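Here is what each chain is made of, one letter per residue.
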Amino acid sequence: MEKEKAKLNSDKETITNWVRKLDLNNPYSPSISTSSSNYSTKTGSGGRRKLNPPSLVSLCLQVVGTNLEDIIHDLADIAIAMAAIARRRKLLNDDVVISLADTSWEMLDISGSDVSDSGLIQVAQICKSLRAVDISRCTGITASGVSELLQHCHLLETLRCGGCPRSNETARRSLGILKPKLIDVEGESWEELDTTEFGHIADSLRWFVWPQIDKDSLELLSTECPRIIVNPKPSLFGFRGLDVPREAFPDITLDDPYIKELDPKTWAVYGFAPKAPSQSLSGLTELSKAEKFRLAFVERDARLAPKRAKNSRQQQRRAEKEWMMTSPAAKALVISPKMTKSRQKRS
């Protein structure tokens, strides 16, 4: 009997010491109720009921509930911060990102995560106001997921991809989605077509970040999708008259602004290395005037090169058309092969 009383007193002292360690009297920390409702009970040997400390979830909810009026208007940003931490700790997957997704999100960074097409599509259906998305190093995302993303997010301006062989292949297969498609094929020439006769689902996309883009893919985008700028470089003068957004620079991590006030130890795990700040961005203010003018000239020349090539092709086609209309010999050259084919079919 005396042993049981000693054991009971020992248990009471243990619980008392544990409660004192919670620092309940600290005026800067929310008070935690010590009522019996916060503790789970378990029947031990001899019929005694032992008290277990509250779970971590209960403690967190008590802290959040105590300060809810201070954070209730920032719940969307808190959800993004939680997704950013989960991504850095290699915990971000379909279930996590879907549970955190909010309709007010304008940025989505799932780079290097386990999110697949299914998770990306469901997030795109929820977050239709997305303007920048990073899917680089995501081995579970394919061109099908990119297509669904572009169909649901009509405000998307920046898309980041690549970084690993699987993601590079996804970016390469997505080029056909980015290209405009001709709706009316009955026009006599390209010059006579109106802009409304071209349809594409990536109408708002302006910045395509793919650091490992191959030469053929870059040439394809430059010729068939000139409105999409690939891998823009930092410049004081913008690019093609547009201000390059922060999200379009490869050295920038999209979700950094949401966790900049947090201690990096929060997500410190083996295998995660944060990106170093871009030296090119920090050195922009040190450019000389001559270098600024040179960069401005190079950018202007690159901007006008496609237009010069297009005008040259148009002039060549018009000259050929005028020559065919005015020269009888040219008409004979055009009609002769058609007549020959017609005779061969009849015979």
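Residues numbered from 1 in each chain as written. Predicted model: local features only at pLDDT ≥ 70, side-chain atom pairs only at ≥ 80, totals over all residues. Heavy atoms only, no water.

Draft legend 1. Looking closely at the overall build of the protein chain. The helix and strand inventory of the protein chain stands at 13 helices and 9 strands. When each of the 347 residues of the protein chain is scored for burial, the buried share is 29%. The long-range fraction of contacts in the protein chain, counting pairs at least 24 apart against all pairs at least 6 apart in sequence, stands at 63%. Put simply, the protein chain shows about 23,000 Å² of open surface, and 54% of that area lies on carbon and sulfur atoms. (Helix = DSSP H or I, 4+ residues; strand = E, 2+ residues; numbered from the N terminus. Buried < 20%, exposed > 50% of the residue type's maximum accessible area, 1.4 Å probe, protein only. Contact = heavy atoms within 4.5 Å. Areas by Shrake-Rupley, 256 points an atom, 1.4 Å probe, with all protein chains shown as cover.)

Draft legend 2. Layout of the sheet that holds strand E3 (residues 107–109). The 5 strands are arranged E3-E4-E5-E8-E9 in an open sheet whose pairing can be described as parallel. Of all strands in the sheet, those with a lone pairing partner are E3 and strand E9 (229–230), marking the two edges. As paired strands, strand E4 (residues 132–134) and strand E5 (residues 158–160) are joined by 3 bridges and run parallel to one another. Across the sheet, residue Ala132 finds its bridge partner in E5, namely Thr158. (Pairing = 2+ DSSP bridges.)

Draft legend 3. Broad picture of the packing of helix H6 (residues 117–126) against helix H7 (residues 143–152). Contact geometry for H6 and H7: axes closest at 9 Å, N-to-C directions at 0 degrees. Considering the angle they form, H6 stands roughly parallel to H7. Where H6 abuts H7, its residues Asp117, Leu120, Ile121, Ala124 and Gln125 lie against Ser144, Gly145, Glu148, Leu149 and His152. (Axes fitted to C-alpha atoms, helices over the stretch in contact; angles between N-to-C directions. Parallel < 35°, antiparallel > 145°, perpendicular 65-115°, else oblique.)

Draft legend 4. Broad picture of empty space enclosed by the protein. Enumeration according to the criterion identifies 1 cavity of 30 Å³ or more in this entry. Counted as a void, the largest cavity has a volume near 60 Å³. (1 Å grid on protein atoms, 1.4 Å probe; cavity = no way out; pocket = protein on both sides within 12 Å on 5 of 7 lines; lining within 4 Å. Points joined across faces, edges and corners; volume = space filled by probe spheres on them.)

Draft legend 5. Representation of a nonpolar patch on the surface in the model. A cluster of nonpolar side chains, Val64, Leu68, Ile72, Leu75, Ile78 and Met82, forms an exposed patch at the surface whose accessible area comes to about 480 Å². At 3 residues, helix H4 (residues 75–88) tops the list of elements feeding residues into the nonpolar patch. Looking at where Leu75 falls in the secondary structure, it is placed in helix H4. (Patch = residues over 30% accessible without salt bridge, like charges linked within 9 Å, V, L, I, M, F, W, Y side chains within 5 Å. Salt bridge = Lys/Arg side-chain N within 4 Å of Asp/Glu carboxyl O.)

Draft legend 6. Just helix H12 (residues 289–326), in detail. If you check H12, its first and last C-alpha atoms are 54 Å apart, about what 38 residues at 1.5 Å a residue would give, namely 56 Å. Where H12 bends most, at Leu304, the angle is about 35 degrees, and the proline Pro306 comes one to four residues later. (Expected span 1.5 Å × (residues − 1). Bend = angle between axes of the 7 residues up to and from the residue.)

Draft legend 7. Structural context of the pattern of salt bridges. Taken as a whole and assessed by the stated rule, the structure comprises 9 salt bridges. A salt bridge links Asp134 to Arg160; the shortest N-O distance between them is 3.0 Å. With a gap of 26 residues between them, Asp134 in strand E4 and Arg160 in strand E5 connect regions that are remote in the sequence. Note on accessibility: Asp134 and Arg160 belong to one class, buried. Residue Asp214 pairs with Arg172 through a salt bridge whose shortest N-O separation is 3.3 Å. Remark: Arg172 occurs in helix H8 (residues 165–173) and Asp214 occurs in the loop between strand E8 (207–209) and helix H10 (215–224); sequence separation between them is 42 residues. Taking the relative accessible area as the measure of exposure, Asp214 reaches 24% and is therefore partly exposed. With a relative accessible area of 35%, Arg172 lands in the partly exposed category. If you follow the salt bridges from partner to partner, you end up with Arg87, Arg88, Asp109, Asp255 and Asp256 in one network.

Draft legend 8. Quick look at H4. The terminal C-alpha atoms of H4 lie 20 Å apart, and with 14 residues this matches the ideal 20 Å at 1.5 Å per residue to within 8%. All of the buried residues in H4 are Ala79, Ile80, Ala81, Ala83, Ala84, Ile85, Ala86, Arg87 and Arg88. Check the buried side of H4 and you find it contacts helix H5 (94–100) and E3. Backbone geometry just downstream of H4 places Lys90 in the positive-phi region, at approximately 60 degrees.

Bear in mind that shape data such as this cannot, by itself, settle questions of function.
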